[in-house]
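Here is how the chains run, residue by residue.
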Amino acid sequence: MRRASGDPSASGRRPTASSLRTATTPSRTDVNGHPWRVVICARRLDVAKSRLRPLGEEARQGLALAMARDVLKAVGGAPGVSEVVLVSDDPSLAHLARAVGAVVLRDPGLGLNSAFLHGMGAGRSGDTWTAMLMADLPCLTSHVLQRVLDAAARHPAAVVADREGIGSTLLTTAPGCRARPRFGERSFHQHVATGATPVAADEPRARCDVDTQADLGVALGIGVGAITAHAVEDFGLDRVGLNKQL
Ligand SMILES: Nc1nc2c(ncn2[C@@H]2O[C@H](COP(=O)(O)OP(=O)(O)OP(=O)(O)O)[C@@H](O)[C@H]2O)c(=O)[nH]1
Ligand SMILES: C=C(OP(=O)(O)O)C(=O)O
C-alpha cells in the first residue's frame, strides 16, 4: 500500500493529485501481523451529503470531497493497512484515490451495501482482514483507525457504532468470513444481530460521521483533518455559525 502524506495547505475546494502524494510502503501489517484491506464507499459529489444542502451547493460538495480526502489520508497512514479500495463513480474522488495508491471500483448502483460487497470482491474477504469504512468521518486519524483495527482483529466480525449508537461507521470481517453489511437505518443493531462485536466505543474520532450541520459542529469540536478544516475555513463555516443551526 502507498501511504498518504499530509498537506495542511491543501484546500477542500481545489484538490490536486500532488496534495496527496505518496510513498510506497510494502508489507504493511497490524500489531498482530494482519494486513488489512479497507473498502471505502462514497457517492458522487453531485448527489452526496444531501442533508448538508442548507450550506449551499459549493460548500456541500466541497465538504463531502474534503471529508473523503481526510479519510483517505487517515487510511493511507495507518500502519496495518496494506490495501485501500474506493467504490465510487465520482471522477474527482477516483482521481485522488488512485493518486494515493488505492484501487478504484465503479459503483454497481444498487445502494451502499451492494457497493461494499462489490469492494469486498462479492463479499469474501479471502485471506485478508477487511474493514468497510464510511467516507464521512473527518475526525478519523491513522492512529485511531489502527487502534480500532487492532481491537477488531480479536473478532470474526466487529462493528463501530456512530456517535448516537444507532448507525455504524465501520464493519470488519476476518479472513474467510462472509461480510454481512447492513448499513442504512439503525444499522448498528442490525450488524450486532448478524454477529458483529461492538468495538471502539471509546473512540469518538471513529464514531463521528457527518450527515448534518449539527454533526459538523460536533466534528469541529472534536477536531477535523486538515483538509476538512481548510474547507470549513474557505466556505466561511465557523463553529458558531453551525451551532446556530442546531
Ligand atoms: N459508493 C457508494 N457510496 C455510498 C452509497 N450510499 C452512501 N454512500 C456513502 O456511504 C457513506 C454514508 O452515507 P450516508 O450518510 O448514508 O449518505 P450520504 O449520501 O453521504 O448523505 P445523505 O444524502 O445526506 O444521506 C458516505 O460516505 C456516502 O458517500 C452508494 O450507494 N454507493
Ligand atoms: C448509512 C448509515 O448511516 P447514515 O446514513 O446516518 O450515515 C449507517 O449508519 O449505516
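Calculation rules
- Residues numbered from 1 in each chain as written.
- Chains lettered and ligands numbered in written order.
- Predicted model: local features only at pLDDT ≥ 70, side-chain atom pairs only at ≥ 80, totals over all residues.
- Heavy atoms only, no water.
- Near = heavy atom within 4 Å.
- Polar contact = N/O pair within 3.5 Å; in protein donor to acceptor, adjacent residues only side chain to side chain.
- Areas by Shrake-Rupley, 256 points an atom, 1.4 Å probe, with all protein chains shown as cover.
- 1 Å grid on protein atoms, 1.4 Å probe; cavity = no way out; pocket = protein on both sides within 12 Å on 5 of 7 lines; lining within 4 Å.
- Sits in = over half its atoms within 2 Å of the grid points.
- Nonpolar A, V, L, I, M, F, W, Y, C, P; charged D, E, K, R; others polar.
- Points joined across faces, edges and corners; volume = space filled by probe spheres on them.
- Helix = DSSP H or I, 4+ residues; strand = E, 2+ residues; numbered from the N terminus.
- Buried < 20%, exposed > 50% of the residue type's maximum accessible area, 1.4 Å probe, protein only.
- Pairing = 2+ DSSP bridges.
- Right-handed = clockwise from strand over helix to strand, strands pointing away.
- Contact = heavy atoms within 4.5 Å.
- Axes fitted to C-alpha atoms, helices over the stretch in contact; angles between N-to-C directions.
- Phe/Tyr/Trp six-rings, centres within 6.5 Å; stacked < 30°, edge-to-face > 60°.

This brings us to the site of ligand 1. Taken together, 16 residues are adjacent to ligand 1, and Arg43, Lys49, Ser50, Arg51 and Asp107 come closest. Between ligand 1 and the protein, one listed contact pairs a nitrogen atom with a backbone N or O atom of Ala42 at 3.3 Å. At a separation of 3.1 Å, an oxygen atom of ligand 1 approaches a polar backbone atom of Ala135. Isolated, ligand 1 exposes 610 Å² of accessible area, and the fraction of that covered by the protein chains is 84%. With respect to the pocket detection grid, ligand 1 is positioned in the largest pocket. Here the residues of the shell around ligand 1 sort into eight nonpolar, two polar and six charged.

Before going further, it helps to examine empty space enclosed by the protein. According to the stated counting rule, one finds one cavity of 30 Å³ or more in the structure shown. Mapped by element, the contributors of at least two residues to the lining of the largest cavity are α4 (142-152) and β8 (168-173). For the lining of the largest cavity, the residue count by class is eight nonpolar, one polar and no charged.

Let us look at the site of ligand 2. Around ligand 2 sit Arg51, Met134, Gly167, Ser168, Phe183, Gly184, Ser187, Asp209 and Asp211, and those are all the residues in its vicinity. Ser168 is positioned such that a nitrogen or oxygen atom in its backbone is 2.8 Å from an oxygen atom of ligand 2. Here an oxygen atom of ligand 2 and a side-chain polar atom of Asp209 are 3.4 Å apart. Here ligand 2 has 300 Å² of accessible area as a free molecule, and 80% of this is covered by the chains. Placement of ligand 2 is best described as lying within the largest pocket. Of the residues belonging to the shell around ligand 2, the class tally is two nonpolar, four polar and three charged.

It is worth spelling out the pairing of strand β4 (residues 81-87) at this point. Most of β4 sits inside the fold, with five of its seven residues counted as buried. Here strand β3 (residues 36-41) runs beside β4; their pairing, made up of six bridges, is parallel. Residue Trp36 lies in a different strand from β4, and its bridge partner there is Val81. Crossover handedness for the path β3 to helix α1 (residues 57-77) to β4: right-handed. Once the chain exits β4 it traverses helix α2 (residues 91-99) before rejoining the sheet at strand β5 (residues 103-105), and the crossover so formed is right-handed.

This paragraph deals with the sheet that holds β4. One open sheet holds the seven strands; their spatial order is β5-β4-β3-β6-β8-β7-β9, and the pairing between them is mixed. The strands lining the two open edges of the sheet, one partner per strand, are β5 and β9 (197-198). The pairing of strand β7 (residues 157-161) with β8 spans five bridges and is classified as antiparallel. Pairing of Ala158 across the sheet is with Thr172, part of β8. With respect to the sheet, α4 is in contact with β3, β4, β6 (129-134), β7 and β8, its orientation differing from that of β8 by roughly 45°.

So, about the packing of aromatic side chains. For the structure shown, the criterion picks out two aromatic pairs. Centroid distance Trp36 to Trp129: 5.5 Å. Interplanar angle 45°. Geometry classified as tilted. In this pair, Trp36 is assigned in strand β3 and Trp129 in strand β6, connecting sequence segments 93 residues apart. Taken as a pair, Trp36 and Trp129 share a single burial class, namely buried. Ring geometry for Phe116 against Phe183: centres 4.9 Å apart, planes inclined by 35°, an arrangement best described as tilted. Residue Phe116 is found in helix α3 (residues 112-119), and its partner Phe183 is found in the loop between β8 and α5 (187-193); the two are separated by 67 residues along the sequence. Considered together, Phe116 and Phe183 belong to a single accessibility category, that of buried residues.

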